[in-house]
Amino acid sequence: MSGKDSSLVKKDAWDNLSSFTNARIALGSVGNSIPLKEVLQFKLAHAHAKDAIYTELDIPFLEKEIQSLGFPIWTVKSKVQNREEYLKRPDFGRLLNTTSEELFRNSTNEFDIIFVLADGLSAEAVNTNAISLLKEVLPQLDSNYNVGFVLTTHARVALGDAIGTQLKAKFTAVLIGERPGLSSPESMGIYTTYAPTKGLTDERRNCISNIHKNGLTPKQGALLLNYLIQQSFAKQISGVALKINLKELLDKE
Amino acid sequence: MAYKHTIRNQVYSFPDLKAVLAKASPFRTGDALAGLAAESNLERIAAQCVLSELPLQAFLSEALVPYEEDEITRLIYDTHDEEAFQEISGLTVGDFRDWLLTHEVDTQKLTQISKGLTPEMVSAVSKLMRNQDLIAVAQKCEVITQFRNTIGKKGHLSVRLQPNHPTDNIKGIAASMMDGLLYGSGDAVIGINPVTDSVDIVGNQLKMMDEIRMRFEIPTQICVLCHLTTALELLNDAPVDLVFQSIGGTEKTNSSFGINLPMLQEAYEGALELNRGTVGENIMYFETGQGSALSANANWNVDQQTCEVRAYAVARHFNPLLVNSVVGFIGPEYLFDGKQITRAGLEDHFCGKLMGLPMGMDVCYTNHAEADQDDMDNLMTLLGVAGCNFIMGVPGSDDVMLNYQTTSFHDALYLRKVLNKKPAPEFEAWLLKMGIMDGSGNRISISNSHRLLNSMP
C-alpha cells in the first residue's frame, strides 16, 4: 500500500474537525463508499478486538508476581469448558467447577479482601494492567486487613460472588477484561462488592471501567479502588447505595 | 391444554401455547440459554406443524403472560380491535402465512387488519415464514410518520444521525453531526446517546443541536436518548422534540428500565403539548431488542422473539415517529452470529411493520459476536429491499461511545443508490438547497467555506 492517498479518493474538506473527536469522521469517499485505506484501518482494529477475546491469562507470570508480594493465592476455573461455551453460557461463567470448590473447602481462613484476577473478554488487559495497579493499591491498605488472591479463567464478574462466599471474604474486587471495542481492545474493569454472596445483581456493585492505554492509567484506577475500599468498609455496603460519583472524584484530582 | 404432533410414531407434546411458540422458533442462543429452545430439529418442525394448525383465535383465549400480573397483557387484550380482526378470524396461523403472501393482500389490506393483530399472532406467523417471506410481506406494508418531515414513504430511506462522543464533548458531537449532515444523513432524527444521563448534560446537547437545526432550517428532529424521566424534567427548559425510551415486552422488563405504561402516557401527553412538530404529531422514539426480557429475568418462559413483539404493542399505543430494534447489540449469548442476527433483524422488521409501526433497524454487532461488516452489508441490503424506514448512521460504522459497530453514513448512501431510494422528501429538498446533494442523489464536493462548516459551536 502506498503512503500517499490515491487520487481516486475524494477527500473531505473538514479534516480539521478530527481534532475534536476520535470518531471516524472526514474519511473521504470513492463513489459512495469508504476509501480502501480506511476500510483496512477499520478491519485492523476489528482484528485486534476479535483476537483480544481469545487471549489467555498469563497464569505463571501473575502467580509469580503475587507470590513475591507474599499473599496466599488460588488458581481456579469456572464451569465453562471453552471460549465458545463462555460466549454462549454466561450462567456457567458465574459458577465454580467442582474441582475449584473442593480446593476452597480446605481453606479455613476468613478474608477481609479477596482480589480476583479474571480473564473476562480480554485476558491481555488483565495481564498488562493488573499487577501495576495492585502495586499502587496494596501499600495503602490497612495493615490489619487479611488479603488473598484468586486467578480464574472463563470467568464472568459474578464468579467473584461464588469465590467470595467460599473464602468468607468481606469484600471482593474483580479485575476483569472488558468487552473489547475497536479503539480499546485491551481494557480492564474492576467490580467491587461488599459482603459478596451468590445471586447478587449489578446494583450491589461499584465499577471502575476503561483502564487501558488510552483510558484510565493503572495509577488512576488504583486511586479509585482505594477510595471504594475505604468507603465500603466504613459504610459496610457497596453498589448504588454508596452514591459515589467516580468521575467527579477523578476530575478533582 | 397439551399440543401434540406425531412424526414416525414419535409423539412430540407441548404443555402450552408458549412452549409451542418457543420450540417452533428458528434456533438462537438466547432461547437455549433460557432453556426454552427445541431439543432437536425434529422437535422444532413438530412444533411448527402444531403452530401452523392453530387457529389465530387461540391467542385470544390463552394469554402467555397472565392478564392479572402484567399491564402489557392487559393493554394487548383491552385494545384488541375485533372489527379489524374479523376478516382473518377464521384462519389458522398457517393459513395466515399463505394469506399474507397472496397478491390480493396489498398495502391497504395490511393496514386495515393491523389493529386486529396481537403480538402473539404476529410472532407466531413469523416463525413459519422464511426470510424471503418476511421480506415480501414487509415490503407490502407502508407506515408513514411525521414530525418536521415525512418518514417511511415507499421509495424513501431515512437515517438516524448518531453523533456520539465518549465524554459527551459538545464540539466532538458537533463534529460528527456536521460529518453526517454533509453525507446526507439525519432525516430520521439527529439522536445522541449521552454518556451521563443528567439534566444539565442532556439539556446542553439539546440546545446545541436545536441551535444548528434552526440556524440552517433543517427539516428534521433532534433527540437525546436519555431516560424518559430526564426528558420529562427538561420539557419546559430545553428543546425536547421527541421523547425517547427503551422498552420491553413484559411489565417486569419495563420495571427494570424504570418505566411503566402510566409514565409513558405522561411523557407522551407532555411532549404533545409542546406542539413542536410542523407537519405531524408523532413525538415518541422507542428502541427495543430481542433478549432484553431474559436479561432482566422477566421473560415468563416466553421465547425472546415473542417478548420482543409484545414490546411493539407498547410502542403502537403511543403513535411513535420512530421505532428500531438494536438487533445485534445484546451479544452472542442471545444472538450468536451473523446468521442469527440476520434472521432476528428480518423478524423484528416484519413484525413491527405488520403491527403498524414505523420500523427502522440498528443493524449492528459487538466484537464478541461472530459477525463482521459483511454481515451488516447483507442485513442492511435485505432490510432495504424489505422497505425498512430508517437505519443508523455513525462515522465509519464505529460508535466510539457505545463500543459497537453499526451502519455508516457511507452505507446509507450505498443503500439509497443500489435500491434507488431517496431521503425524506423535505430533507431531500434541503440537501439540494444546501448544495450537499445533486438531483440524481450524488454528493457534491464541499469546500471548507461551506456554511455548515462555519457554524461549529
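Residues numbered from 1 in each chain as written. Chains lettered and ligands numbered in written order. Predicted model: local features only at pLDDT ≥ 70, side-chain atom pairs only at ≥ 80, totals over all residues. Heavy atoms only, no water.

K.L.:
Can you help me understand the overall build of chain B in this one?
P.N.:
In terms of helices and strands, chain B carries 21 helices and 14 strands. Compactness check: chain B gives a C-alpha radius of gyration of 22 Å against a globular reference of 23 Å for 457 residues, within 12% of the reference. Reported as C-alpha extents along the three principal axes, the dimensions of chain B are approximately 75 × 45 × 45 Å. Considering chain B as a whole, with its 457 residues, one finds that 64% of them fall into the buried category. The long-range share in chain B, meaning contacts at least 24 apart out of those at least 6 apart in sequence, stands at 76%. Entry remark: accessible area of chain B is about 15,500 Å², with carbon and sulfur atoms responsible for 48%. (Helix = DSSP H or I, 4+ residues; strand = E, 2+ residues; numbered from the N terminus. Rg over C-alpha atoms; globule rule 2.2 N^0.38 Å. Buried < 20%, exposed > 50% of the residue type's maximum accessible area, 1.4 Å probe, protein only. Contact = heavy atoms within 4.5 Å. Areas by Shrake-Rupley, 256 points an atom, 1.4 Å probe, with all protein chains shown as cover.)

K.L.:
I'm lost on the sheet that holds strand S2 (residues 111–118) of chain A in this one. Help?
P.N.:
Strand pairing in a sheet relies on backbone hydrogen bonds, with the paired strands running either antiparallel or parallel. Residue and element names in this part refer to chain A. Taken in spatial order, the six strands line up as S1-S3-S2-S4-S5-S6 in an open sheet, and their pairing is mixed. Either end of the sheet is taken by a strand with one partner, and the two such strands are strand S1 (73–77) and strand S6 (206–211). Direction aside, neighbouring strands of the sheet carry axes that sit 20° apart on average. Together, S1 and strand S3 (147–153) form the strand contacts of helix H4 (residues 98–105), whose direction differs from that of S1 by roughly 155°. Sitting on the sheet, helix H7 (residues 218–235) touches S2, strand S4 (169–177), strand S5 (188–194) and S6, and the angle it makes with S6 is about 175°. (Pairing = 2+ DSSP bridges. Axes fitted to C-alpha atoms, helices over the stretch in contact; angles between N-to-C directions.)

K.L.:
How should I be thinking about the interface of chain B and chain A in this particular structure?
P.N.:
Often, the extent of an interface is quoted as the loss of accessible area on bringing the components together. Facing 47 residues of chain B, the contacting portion of chain A comprises 37 residues. Both faces considered, chain B and chain A share a buried interface measuring about 3,500 Å² in area, 58% of it formed by carbon and sulfur atoms. Broken down residue by residue, the surface that chain B buries against chain A is led by Asn-367, His-368 and His-410 of chain B, which jointly contribute 19%. In this assembly, chain B and chain A are joined by three salt bridges. One salt bridge connects Asp-398 of chain B with Arg-24 of chain A, and the closest N-O pair in it is separated by 2.7 Å. Taken together, chain B and chain A are joined by 14 residue pairs in polar contact (both at pLDDT 80 or more). Residue assignment for the side of chain B that touches chain A shows that the elements contributing at least two residues are helix H2 (29–33), helix H11 (170–182), strand S14 (404–405) and helix H20 (409–418) of chain B. Ranked by the residues each element gives to the side of chain B that touches chain A, the list is headed by H11 of chain B, at seven residues. Here the side of chain B that touches chain A is composed, by residue class, of 21 nonpolar, 18 polar and eight charged. (Buried area = accessible area lost by both parts, 1.4 Å probe. Salt bridge = Lys/Arg side-chain N within 4 Å of Asp/Glu carboxyl O. Polar contact = N/O pair within 3.5 Å; in protein donor to acceptor, adjacent residues only side chain to side chain. Nonpolar A, V, L, I, M, F, W, Y, C, P; charged D, E, K, R; others polar.)

K.L.:
I'm lost on the pattern of salt bridges in this one. Help?
P.N.:
Here the idea is simple: oppositely charged side chains can pair when their charged atoms come close. Residue and element names in this part refer to chain B. What the rule picks out here adds up to 30 salt bridges over all chains. Here Arg-97 and Asp-98 are joined by a salt bridge, their closest N and O atoms 2.9 Å apart. On the basis of relative accessible area, Arg-97 is assigned to the partly exposed category, the value being 23%. Residues Asp-187 and Arg-416 are paired through a salt bridge, measuring 3.3 Å at the closest nitrogen-oxygen approach. Taken together, the residues span a long stretch of sequence, with Asp-187 in the loop between H11 and strand S6 (189–192) and Arg-416 in helix H20 at a distance of 229 residues. Just as Asp-187 is buried, Arg-416 falls in that class too. Salt bridges here are not isolated pairs; linked through shared partners, they connect Arg-148, Asp-210, Arg-213, Asp-241 and Arg-276.

K.L.:
Any chance you could explain helix H3 (residues 41–53) of chain B here in plain terms?
P.N.:
Owing to its 3.6 residues per turn, the α-helix brings residues three or four apart onto one side. Residue and element names in this part refer to chain B. The terminal C-alpha atoms of H3 lie 19 Å apart, and with 13 residues this matches the ideal 18 Å at 1.5 Å per residue to within 8%. Buried within H3 are the following residues: Glu-43, Arg-44, Ala-46, Ala-47, Gln-48, Val-50 and Leu-51. For H3, the secondary structure elements touched by its buried residues are strand S1 (3–7), strand S2 (10–14), helix H1 (17–24), helix H4 (58–61), helix H7 (93–101) and helix H9 (119–127). (Expected span 1.5 Å × (residues − 1).)

K.L.:
I tried to follow the nonpolar core on my own but got confused; where do I start?
P.N.:
A general feature of soluble globular proteins is that nonpolar side chains tend to end up buried together. Core analysis: the biggest nonpolar cluster contains 152 residues, and Phe-96, Leu-100, Leu-264, Phe-350, Leu-354 and Trp-430 of chain B have the highest contact counts within it. When near neighbours in sequence (up to four residues on either side) are disregarded, Trp-430 of chain B contacts Leu-181, Phe-216, Glu-217, Ile-218, Pro-219, Ile-436 and Leu-452 of chain B. With 38 residues, the next largest nonpolar core counts Ala-123, Val-147, Tyr-194 and Ala-222 of chain A among its residues. (Core = buried A, V, L, I, M, F, W, Y, C linked by side-chain atoms within 4.5 Å.)

K.L.:
What should I look at first to understand the packing of aromatic side chains in this one?
P.N.:
Aromatic rings considered in pairs are described by the distance between their centres and by the relative angle of their planes. Residue and element names in this part refer to chain B. The tally for this structure, following the rule as stated, stands at 15 aromatic pairs over all chains. Taking the centre distance of 6.3 Å and the plane angle of 70° together, the rings of Tyr-67 and Tyr-77 count as edge-to-face. Of this pair, Tyr-67 sits in the loop between H4 and helix H5 (71–78) while Tyr-77 sits in helix H5, and the two are ten residues apart along the sequence. For Tyr-67, a relative accessible area of 33% gives the class partly exposed. (Phe/Tyr/Trp six-rings, centres within 6.5 Å; stacked < 30°, edge-to-face > 60°.)

K.L.:
Help me understand unusual backbone geometry, please; the structure alone is not making it clear to me.
P.N.:
Where the residue is not glycine, phi is negative for most of them; where a peptide bond is considered, it is trans in most cases. All names here are of chain B. The phi dihedral of Asn-9 is positive, around 70°, even though this residue is not glycine. Mapped onto the fold, Asn-9 is located in the loop between S1 and S2. We note that Asn-297 has phi near 50°; this positive angle belongs to a residue other than glycine. Following the sequence through the fold, Asn-297 ends up in the loop between helix H16 (292–295) and helix H17 (304–316).

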